[in-house]
Amino acid sequence: MKKLFIHNTLSNQKQEFQPINAGKAGMYVCGVTVYDRCHLGHARAVVFFDVVYRFLQELGYEVTYVRNFTDIDDKIIKRANEQNIHWRQLTEKYIDKFYQDFNALNIKKPSFAPKATDHMEDIISAVSVLIQKGFAYEKNGDVYYRVRKFEGYGKLSGRSIDDLQAGARIEIKDVKDDPFDFALWKKSKEDEPFWNSPWGKGRPGWHIECSAMSSKYLGNHFDIHGGGHDLIFPHHENEIAQSEAISGGKFVNYWVHNGFVTVNKEKMSKSTGNFFALEDIYKEYEPRILRLFLISRHYRVPLDYSTDLLDESKKAWARVENCVRRIEDALHSAKNIAVKKNSEVDEEIYQLFIEYMCDDFNTARAVSLIFDLVTKMNQKFMINKIDKKLVDYLFTLRKMCDVLGLEIQSSGTNSVALTDVSSYKYNETELDGLLAKDKLAIEDIRKLVLLRGVARKNKDFNQADKIRDKLSALNITLRDMKDQTEIIEL
RNA sequence: GGCGGCGUACCCAAGUGGUAAGGGAGAGGUCUGCAAAACCUUUAUUCAUCGGUUCAAUUCCGAUCGCCGCCUCCA
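Residues numbered from 1 in each chain as written. Chains lettered and ligands numbered in written order. Predicted model: local features only at pLDDT ≥ 70, side-chain atom pairs only at ≥ 80, totals over all residues. Heavy atoms only, no water.

Draft legend 1. Expanded view of the pattern of salt bridges. A full pass over the atoms with the stated rule returns 38 salt bridges. For Arg37, the salt bridge is made with Asp280, and the minimal N-O distance between the two is 3.4 Å. In this pair, Arg37 sits in the loop between strand 3 (24-33) and helix 1 (40-58) while Asp280 sits in helix 8 (residues 278-281), placing the two residues 243 residues apart along the sequence. Classification of Arg37 by relative accessible area gives partly exposed; the value is 23%. Take Asp280: its relative accessible area is 31%, and that puts it in the partly exposed class. Ionic contacts of the salt-bridge type, sharing partners, join the residues Arg37, Lys97, Glu279, Asp280 and Lys283 into one network. (Salt bridge = Lys/Arg side-chain N within 4 Å of Asp/Glu carboxyl O. Helix = DSSP H or I, 4+ residues; strand = E, 2+ residues; numbered from the N terminus. Buried < 20%, exposed > 50% of the residue type's maximum accessible area, 1.4 Å probe, protein only.)

Structure representation (structure tokens):
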């Protein structure tokens, strides 16, 4: 197995990945709080960790991937009240939307996608243990974590409690022993959702559900924990404090955080209002284009969003799809089927791909290999048509795209050989009939292209262009090649 | 105030102690009735600025300038 290096937020350096259990990898990624539509920022995180998931599997690891939903918190309650609906109605709606948005982005299903509200017992028992061990205390139905009791507090985010104090912007609550103590359990107010607990009716604080759910599905100590950069503090810092206080041992070996999506260089977020919802972007751009865009930059640096850049991705991907479409169309002919069956990976290219990805998931570099390969394939196709090597290239290309989750849309193509044209009998009545039709069957389209071929041969370009215009109006593009005409349906 | 990141061609963006991947755009060409696609050539003596270390730095160190993030909910 190739050595994988991962940038670990905990040590702030790249480290070789050494799983706790040989051949296995446990990964927990903080999902979303479901009170609104998902935006590009969420997409970057979800797509990136989807790539990590796929790549670990490609390396041969048996991966247990957990990505949670936080489906109870203040924002949810507030939003539900505003809309005058039950909070569960709200969270269910946005969980459905989450899947809609992300299925479109070709996200693989994680091993588990737990919801906080399905794990109240686990949460309550985690809080109980923290109280027993003296890391937490109850005050009027709230339970708080005693931050100063946990020695390593700040080790992930590189800060100390005293530094925090210097620029403190947090409200002082008299009930807490220390202003930095955070809530594990919140007493519910009237008309708020609640669960019964040893401390009365209430709901969990923000961080505890991740500690509870990760240990439930992955154990107290697991390999990788991920999320957006903004979760480092306080969310992940607090998770460490909770989980390590409970278990008494190490919580997570590798902390992985992705950078933000920005707009005009500024962070995209719901609070500032400068966010783009996925479903809105899908109106203009196909999800696979967005996916390419999202992985075209290294995951840890900010990614600035603009439609110009999406346009660039769109054009770039069209080149890949044109190439694959053309070659696969040629492969449909019977004599090439045997070649296709024996296709194998081009090791030289593929090993390079693995090497780049092993260097802290360098998707930008990996993607460049796809474009290099496309150029190679086009060159080869131009000269030799189909041969074994070309088919291997195609196989390799598809494999790399698969690991990255990039979809190649190569269907809807067809070509008409110009050799067929010479034998085709020109029939004006037939042509007029076809031109008058509103909807054309595949055979009709092929016939039209043949008729156009005849027209071109006779140098009747008016007629030829008329046919092309007709097809173009039906979203069918024609490309005249040397010995054939490509038919591309959009 | 504390902690962290970034600054590479017209734009986006990799990368390395030995002299700059890839994509988009531009220019020229091949092909072509035209169009489109594809291919070829071309576009950074230079990697924010200034110092230092080194035989050699864009890559290491220091300073300066600029941009951004976290320290409050946030992917």
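Anyway, onward from the coordinates.
Draft legend 2. The arrangement of the side chain of Arg67 in detail. Relative to the assigned elements, Arg67 resides in strand 4 (residues 62-70). Setting aside anything within four residues of it in sequence, one finds Arg67 in contact with Val29, Gly31, Val46, Phe98, Tyr99, Ile107, Pro110, Phe112, Ala113 and Pro114. (Contact = heavy atoms within 4.5 Å.)

Draft legend 3. Quick peek at the sheet that holds strand 6 (residues 142-145). Strand order in the open sheet formed by four strands is 5-6-7-8, with antiparallel pairing between adjacent strands. For this open sheet the edge positions go to strand 5 (136-139) and strand 8 (202-204), each flanked by a neighbour on one side alone. Mean inter-strand twist for the sheet, computed between neighbouring axes without regard to direction, equals 20 degrees. Pairing geometry for strand 7 (residues 182-187) and strand 8, over three bridges, is antiparallel. Paired with Lys186 across the two strands is Arg203, which belongs to strand 8. (Pairing = 2+ DSSP bridges. Axes fitted to C-alpha atoms, helices over the stretch in contact; angles between N-to-C directions.)

Draft legend 4. Just the nonpolar core, in detail. Core analysis: the largest hydrophobic core is formed by 134 residues, its most contacted members being Tyr145, Leu290, Phe353, Leu397 and Leu404. The leading source of residues in this core is helix 1, at 11 residues. In terms of domain composition, this core takes at least three residues from each of domain 1 (5-281) and domain 2 (306-404). Those residues in contact with Phe353 that lie beyond four places of it in its chain are Ala366, Leu369, Met400, Val403 and Leu404. In this structure, Val416, Val421, Leu478 and Ile487 belong to the second largest nonpolar core, which totals 17 residues. (Core = buried A, V, L, I, M, F, W, Y, C linked by side-chain atoms within 4.5 Å. Domains from an automatic or database assignment.)

Draft legend 5. Just the side chain of Asp73, in detail. Mapping Asp73 onto the fold places it in the loop between strand 4 and helix 2 (74-83). There is a polar contact of 3.0 Å between the side chain of Asp73 and the side chain of Lys75. (Polar contact = N/O pair within 3.5 Å; in protein donor to acceptor, adjacent residues only side chain to side chain.)

Draft legend 6. Inspection of the packing of helix 10 (residues 307-331) against helix 14 (residues 388-404) at higher detail. Between helix 10 and helix 14, the shortest axis-to-axis distance is 11 Å and the interhelical angle comes to 135 degrees. Between helix 10 and helix 14, the angle falls in the class oblique. For the crossing formed where helix 10 meets helix 14, the hand is left-handed. Where helix 10 abuts helix 14, its residues Trp317, Val320, Val324, Ile327, Glu328 and Leu331 lie against Leu390, Val391, Leu394, Leu397, Arg398 and Cys401. (Parallel < 35°, antiparallel > 145°, perpendicular 65-115°, else oblique. Left-handed = near helix turned anticlockwise from the far one by under 90°.)

Coordinates in, geometry out; function isn't part of it.
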